[in-house]
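Descriptive analysis of the structure
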Amino acid sequence: MEILVILVPLALMLGLAGLFAFLWSLRSGQYDDLDGAAWRAIADDEPPQDAPAKR
Amino acid sequence: MHVTRDFSHYVRIAGEGIKHIDLAVEGVHCAGCMAKIERGLSAIPDVTLARVNLTDRRVALEWKQGTLDPISFIDRLAELGYKAYPYETESAEATEVAESRFLLRCLGVAAFATMNVMMLSIPVWSGNVSDMLPEQRDFFHWLSALIALPAAAYAGQPFFRSAWRALSAKTTNMDVPISIGVCLALGMSVVETIHHAEHAYFDAAIMLLTFLLVGRVLDQNMRRRTRAVAGNLAALKAETAAKFVGPDEISQVPVAAIHPGDIVLLRPGERCAVDGTVIEGRSEIDQSLITGETLYVTAERGTAVYAGSMNISGTLRVRVSAASEATLLAEITRLLDNALQARSRYMRLADRASRLYAPVVHATALITILGWVIAGAGWHDAVVTGVAVLIITCPCALGLAIPTVQTVASGAMFKAGVLLNSGDAIERLAEADHVIFDKTGTLTLPDLEVMNAADIPPNVFELAGRLALSSHHPVAAAVAQAAGARSPIVGAVEEAGQGVRAVVDGVEIRLGRPSFCGAEALVGGATLDPEASIVAFSKGTEKVILSVRQGLRPDAQAVIAALKARNVGIEILSGDREPAVIAAAHALGIAEWRAGVTPADKIARIEELKQRGAKVLMVGDGMNDAPSLAAAHVSMSPISAAHLSQATADLVFLGRPLAPVVAAIDSARKALHLMRQNLWLAIGYNVLAVPVAISGIVTPLIAAAAMSGSSILVMLNSLRARNASREIV
């Protein structure tokens, strides 16, 4: 049962890490535009601008 | 005369040498629009940020100070095909956003705590029936307390605050039993843990908060979304005024930047955005938005004009007497305040439910404690059982019953083209059994239409349309639009108050008053619509007359029939003249109508209906409707409505058809039905669970399973509000 000394704090640390990740994402405005974010994930990348034409 | 536009009012400094502006953009619907706008704007040199928010339909822009004018962004967006306007965050919306972030943070904390406490609870539950050592159980309970107590203190804030507010106002709401339940459950669990007991309820208390916060977040998101849409509408409609900045120089500025004493120019076809007095010029003005009267009024030096009037024929110079917020007629505002106060007395379904619920639950818990003591149990066991009753009856499902339906139903309404302005609108709309329509702009379309377009030869009509492009007169604009004209005729001359003329292929063409075109004979001979404005068009000797008026909404007749089929009383209350109202009432088959009604009369009529016990839905758009919209049980406005009415209305509908009115009533009725069903489901669950709790055999495992089971059931039931009937009319 000594394993609890490692496992319980480990579990709590993981939980806290998740919580802080959530709070960080909230603060950085990732929940401000849920519709847009859904589309951005599948949008094409911007074509490289001012890139020299290839051949 | 030199005209500039000045939007510096909306620009703010975002950092070292960087300026920021928010624009509301119309017509952004998909990822394609988003990419197009962002690329189009980023291509402008010195733009450092261009980001579209698809949910709120807005663009945030930042650029290096001193190089660019915000006008260039609006012009660029216009080139891309989007109408944009600077957006200023209202304080009400900023509060909603802050509130919604706070609730999300609370939900995050509560969800984290629930998951971790559960992780500790499940070993205890299984350990209790196997070989767990009491020391290990205590250790797990203490750990749970360590997580649950601070988490509940933080995430419970929305409930504790609201409960405290209610109690200090000597009323009660749903949050009172919630707060009592959570505090007692936590308190008892701590005491039990100290005494090395087998059961602790940390998991139940924190899980309850998590489920309830889900409901709160959904509710808040709905409100925030409506606010954002309403804010955009306000921005896109935001009036600007042409203010004189020099003797011969005018600047187009937002109304917020106009002050009393300024002089503004009012050109033909423009809507006045301020209250003031005419100091120069002569024109006809359309005050239908203010009075409902569709006949034009003559304005000359000394005439008072009000915000919302449309200038028809001549150019006016107006000295501003009241600007921005103060523009509204004092009379209307006063009536509005009174009416709004009356309405705030409406008690929401959730509050009514909790008013019945709280005393019953608390009495049951008390009786349980006393009952066990009388039956010979110790005080400790009796109190533990009593608290278990409170925990198991904690209105978890009850708290979700209404917000979940509201969220789903408002989403369905949004798709049908209806926006909700207030949270309890769905409940009130579902009860409506009498609909009062305003005529101008509500039953009729707000824009003018050429009624006899089919009788005019297409080539003549097209030419008339092209000529009309050279005039500012709203009737001419309607002709141009009906003819689909795009290229104006070169060299067309407008004669103020008369019409437009031009020479094409050596033949003179004219469009304007019948006398201007020499077509009086035609007007005298024909039987004409009394409401229509008549304009004539002549090409050499060929002459036609066009009859221009506001047409009925395309599906008005079908909507009225659909409302009748739903057993709803219908009537028209209009400020317009009698013949015009009779014509509309006949066309739609509405038996009850009143014409020439003032705002005060409208309220009187609504009060009269209220006395008889009718629940009135008022549908109106004009400024003169605003007080009656507020006085009615529930109200609705088309999107084209005057600012004030839109702000007052509970619901706003989009587009040309009237069908959203019926669709909204249908979804609201269905939603109310589901809300009641959910309340019964929640109560039914309590009726089953309470005897178990009273008998004292509830374990934390049973409490947790019952709570999540009933909450999920209620949420699933709410989803049924989504497939509201597609068949509208």
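Criteria and thresholds
Residues numbered from 1 in each chain as written. Chains lettered and ligands numbered in written order. Predicted model: local features only at pLDDT ≥ 70, side-chain atom pairs only at ≥ 80, totals over all residues. Heavy atoms only, no water. Helix = DSSP H or I, 4+ residues; strand = E, 2+ residues; numbered from the N terminus. Buried < 20%, exposed > 50% of the residue type's maximum accessible area, 1.4 Å probe, protein only. Contact = heavy atoms within 4.5 Å. Areas by Shrake-Rupley, 256 points an atom, 1.4 Å probe, with all protein chains shown as cover. Lys, Arg positive; Asp, Glu negative; His and termini not counted. Salt bridge = Lys/Arg side-chain N within 4 Å of Asp/Glu carboxyl O. Buried area = accessible area lost by both parts, 1.4 Å probe. Polar contact = N/O pair within 3.5 Å; in protein donor to acceptor, adjacent residues only side chain to side chain. Pairing = 2+ DSSP bridges. Axes fitted to C-alpha atoms, helices over the stretch in contact; angles between N-to-C directions. Core = buried A, V, L, I, M, F, W, Y, C linked by side-chain atoms within 4.5 Å. pLDDT = per-residue confidence, 0-100.

On to the overall build of chain B. Helices and strands together make up the secondary structure of chain B, namely 24 helices and 28 strands. Residue burial in chain B is summarised as follows: out of 729 residues, 54% are buried. Summarising the internal contacts of chain B: among those between residues at least 6 apart in sequence, 68% fall at separations of at least 24. With an accessible surface of roughly 31000 Å², chain B has 59% of that area assigned to carbon and sulfur atoms.

Before going further, it helps to spend a moment on the side chain of B:Asp138. Residues and elements named next belong to chain B. Here Asp-138 lies in helix α4 (residues 134-155). It is Arg-137 that comes nearest to the buried, bridge-free Asp-138 among opposite-charge side chains, at 4.8 Å. Excluding its chain neighbours within four sequence positions, the residues that come into contact with Asp-138 are Thr-193 and His-196.

This brings us to the interface of chain B and chain A. Residue-level contacts link 23 residues of chain B with 25 residues of chain A. Of the roughly 2200 Å² buried at the junction of chain B and chain A (both faces included), carbon and sulfur atoms supply 65%. Summed over the three residues of chain B that lose the most area to chain A, namely B:Arg39, B:Arg101 and B:Phe112, the buried surface amounts to 24% of that side. Put simply, chain B and chain A have 2 salt bridges between them. One salt bridge in this structure joins A:Arg40 and B:Glu38, with 2.9 Å as the shortest N-O distance.

Below, the discussion takes up the environment of B:Ser635. Residues and elements named next belong to chain B. Following the sequence through the fold, Ser-635 ends up in strand β27 (residues 634-638). In this structure the C-alpha to C-alpha distance between Ser-635 and Ala-432, which are 203 residues apart in sequence, comes to 9.7 Å. Side-chain polar atoms of Ser-635 contact the backbone oxygen of Leu-629, separated by 3.2 Å.

Residues and elements named next belong to chain B. What the 6 strands build is an open sheet, ordered β18-β23-β22-β21-β20-β19; its pairing is antiparallel. In the strand order of this sheet, the two ends are held by β18 (444-450) and β19 (493-495), each with one partner. Geometrically, the sheet is characterised by an average inter-axis angle of 15° between neighbouring strands, direction not taken into account. Of the pairings in the sheet, the one linking strand β21 (residues 507-512) to strand β22 (residues 533-539) comprises 4 bridges and is antiparallel in character. Paired with Gly-512 across the bridge in β22 is Ala-536. Sitting on the sheet, helix α15 (residues 458-468) is in contact with β18, β20 (499-504), β21, β22 and β23 (542-552), with an inclination near 70° to β21.

Let us now look at the pattern of salt bridges. Residue and element names in this part refer to chain B. What the rule picks out here adds up to 20 salt bridges over all chains. Across the pair Lys-64 and Asp-46 runs a salt bridge, and its minimum N-O distance is 3.7 Å. Residue Lys-64 is found in strand β5 (residues 58-64), and its partner Asp-46 is found in the loop between α1 (31-42) and β4 (47-53); the two are separated by 18 residues along the sequence. Residue classification places Asp-46 among the partly exposed positions, given a relative accessible area of 29%. The partner of Asp-262 in a salt bridge is Lys-243, with the nearest N and O atoms 3.6 Å apart. Taken as a pair, Asp-262 in the loop between β8 (249-254) and β9 (263-266) and Lys-243 in strand β7 (residues 240-246) lie far apart in primary sequence, 19 residues in all.

Residue and element names in this part refer to chain B. Core analysis: the biggest nonpolar cluster contains 125 residues, and Met-413, Leu-429, Phe-437, Leu-617, Met-636 and Leu-651 have the highest contact counts within it. Looking at this core, the element that brings in the most residues is helix α23 (residues 659-694), giving 15 residues. For Phe-437, the residues in contact, after removing those within four places along its chain, are Thr-442, Leu-443, Ile-560, Leu-563, Ile-570, Glu-571, Ile-572, Leu-573, Val-619 and Leu-658.

On to the confidence of the model for chain A, then. Overall, the predicted model of chain A reaches an average pLDDT of 78, with 78% of residues at or above 70. Contacts of residues 51-55 of chain A to residues separated by more than four positions or lying in other chains number 0 contacts, the stretch itself having pLDDT below 50.

Residue and element names in this part refer to chain B. Of all 7 residues in β22, 5 are buried, a share of seventy percent or more. The pairing of β22 with β23 spans 7 bridges and is antiparallel. Note on β23: the bridge partner recorded for Lys-539 is Glu-542. The antiparallel pairing of β22 with β23 creates a hairpin that spans 2 residues between the two strands, and Gly-540 there sits at a positive phi of about 60°.

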